[in-house]
Amino acid sequence: IDPYVSFWGNPERGEGFVNLIFYGLFALTAFLLIKKEDWKKIWIFSLGLATVISILSIFAFYEFSYPLLVGFNPRTGSTVGNAIPLGIYLSMLLIVAIPLFLSEKKAVKKIFYVLAFLLMLFTLFLTGSRGAYVGFLAAVFYFLIFYPVVNTNNFRKFIRALRVVALTLILAVIATVLYATYVPD
């Protein structure tokens, strides 16, 4: 174990004691300084930025870009660096777009959320990052199980059915993994 790397970290991996301390300070500062009404603006800005990054990634994938964005065919990394961090970044923001869409009243913003979601989902598939796929599916299941339900009866029944399906799929995956791990061929 290299004490220098353990303390300072690695620029590509973003690890190290100093980096973790700064992540904690950033989270504490955001928690203390950002007001409740400003969080939605921050999420909208983040979705807009992810949409721009997705567009640049698609341009790089299909080699429409200028020389600064070299195509990383068949996997794309856009301006983030490579495909895995891009996939993780997009999978986290894809889930944020869903509750923003469901809580929005204005049609223009709803259209923005849908377009941003579809563009980021397409870019997520272009990355080819299996870990990001699994993380996104796990987040979707978590969202279906724990998202608060609106008081309309039909929507409540629909969400309840989706929750049952999500829990059933999670249990099936766990059972399959346990079976494949512990039952000899």
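Cut-offs used in this document
- Residues numbered from 1 in each chain as written.
- Predicted model: local features only at pLDDT ≥ 70, side-chain atom pairs only at ≥ 80, totals over all residues.
- Heavy atoms only, no water.
- Helix = DSSP H or I, 4+ residues; strand = E, 2+ residues; numbered from the N terminus.
- Buried < 20%, exposed > 50% of the residue type's maximum accessible area, 1.4 Å probe, protein only.
- Contact = heavy atoms within 4.5 Å.
- Areas by Shrake-Rupley, 256 points an atom, 1.4 Å probe, with all protein chains shown as cover.
- Axes fitted to C-alpha atoms, helices over the stretch in contact; angles between N-to-C directions.
- Parallel < 35°, antiparallel > 145°, perpendicular 65-115°, else oblique.
- Nonpolar A, V, L, I, M, F, W, Y, C, P; charged D, E, K, R; others polar.
- Core = buried A, V, L, I, M, F, W, Y, C linked by side-chain atoms within 4.5 Å.
- Expected span 1.5 Å × (residues − 1).
- Salt bridge = Lys/Arg side-chain N within 4 Å of Asp/Glu carboxyl O.
- Left-handed = near helix turned anticlockwise from the far one by under 90°.

J.: I tried to follow the overall build of the protein on my own but got confused; where do I start?
T.: Regarding its fold elements, the protein presents 7 helices and 0 strands. Each helix and strand of the protein, ordered N terminal to C terminal, gives the series α-α-α-α-α-α-α. A burial count over the protein gives 25% of its 185 residues as buried. Within the protein, counting contacts between residues at least 6 apart in sequence, those at least 24 apart form 53% of the total. As displayed, the protein offers around 13,100 Å² of accessible surface, 73% of which is attributable to carbon and sulfur atoms.

J.: What exactly am I supposed to notice about the packing of helix α5 (residues 107-127) against helix α6 (residues 130-146) here?
T.: Two measures define how a pair of helices packs: the angle their axes make with one another and the distance between the axes. In contact at an axis separation of 9 Å, α5 and α6 are set at 140° when each is read in the N-to-C sense. When the axes of α5 and α6 are compared, the pair comes out oblique. Together, Phe117, Leu121, Leu124 and Phe125 of α5 and Ala132, Tyr133 and Phe136 of α6 make up the contact between the two elements. Considered class by class, the residues forming the contact of α5 with α6 number 7 nonpolar, no polar and no charged.

J.: Where do I start with the nonpolar core in this structure?
T.: Generally speaking, soluble globular proteins have nonpolar side chains that are buried together. By size, the foremost hydrophobic cluster in this structure holds 19 residues, and its most contacted members are Leu47, Leu94, Met120 and Phe136. With 8 residues, helix α4 (residues 83-103) is the single largest residue contributor to this core.

J.: Please clarify how helix α3 (residues 39-61) should be interpreted in this entry.
T.: Helix length check: α3, at 23 residues, gives a terminal C-alpha distance of 32 Å against a target of 33 Å (1.5 Å per residue), a fit within 8%. Within the sequence span of α3, burial applies to Ser46, Leu47, Ala50, Thr51, Ile53, Ser54, Ser57, Ile58, Ala60 and Phe61.

J.: Can you walk me through the pattern of salt bridges in this structure?
T.: Any two side chains of opposite charge can pair if their charged atoms end up close together. Applying the stated criterion across every chain, the model contains 2 salt bridges. The partner of Lys41 in a salt bridge is Asp38, and the shortest N-O contact between them spans 3.9 Å. On the accessibility criterion, Lys41 (58% relative accessible area) is exposed. Across the salt bridge formed by Glu104 and Lys40, the nearest N and O atoms sit 3.0 Å from each other. On the criterion of sequence distance, the pair formed by Glu104 in the loop between α4 and α5 and Lys40 in helix α3 is long-range, its members being 64 residues apart. Accessibility expressed as a relative area gives 31% for Lys40, which makes it partly exposed.

J.: I'm lost on α5 in this one. Help?
T.: Quick reminder: α-helices carry 3.6 residues per turn. Residues three or four places apart thus point the same way. When the terminal C-alpha atoms of α5 are compared, their 30 Å separation across 21 residues agrees well with the 30 Å that a helix rising 1.5 Å per residue should span. Looking only at α5, the buried set comprises Tyr113, Ala116, Phe117, Met120, Leu121, Thr123, Leu124, Leu126 and Thr127. The secondary structure elements touched by the buried residues of α5 are α3, α4 and α6. Looking one or two residues beyond α5, the residue adopting positive phi is Gly128, at roughly 70°.

J.: Can you walk me through the environment of Ile58 in this structure?
T.: By the element assignment, Ile58 lies in helix α3. Expressed as a C-alpha distance, the spacing of Ile58 and Phe122, which sit 64 residues apart in the sequence, is 8.7 Å. Not counting the four nearest positions on each side in its chain, Ile58 is found in contact with Leu119, Phe122, Thr123 and Leu126.

J.: How should the packing of α3 against α5 be read in this particular structure?
T.: Interhelical geometry of α3 versus α5 gives an angle of 45° and a closest axis separation of 9 Å. Relative to α5, the element α3 lies oblique. Between α3 and α5 the crossing geometry is left-handed. The segment α3 lies against α5, with Lys40, Ile44, Leu47, Gly48, Ala50, Thr51, Ser54, Ile55, Ser57, Ile58 and Phe61 engaging Lys109, Phe112, Tyr113, Ala116, Leu119, Met120, Phe122, Thr123 and Leu126. Its residues assigned to classes, the contact of α3 with α5 comprises 13 nonpolar, 5 polar and 2 charged.

Function-wise, these values are silent; they only describe arrangement.
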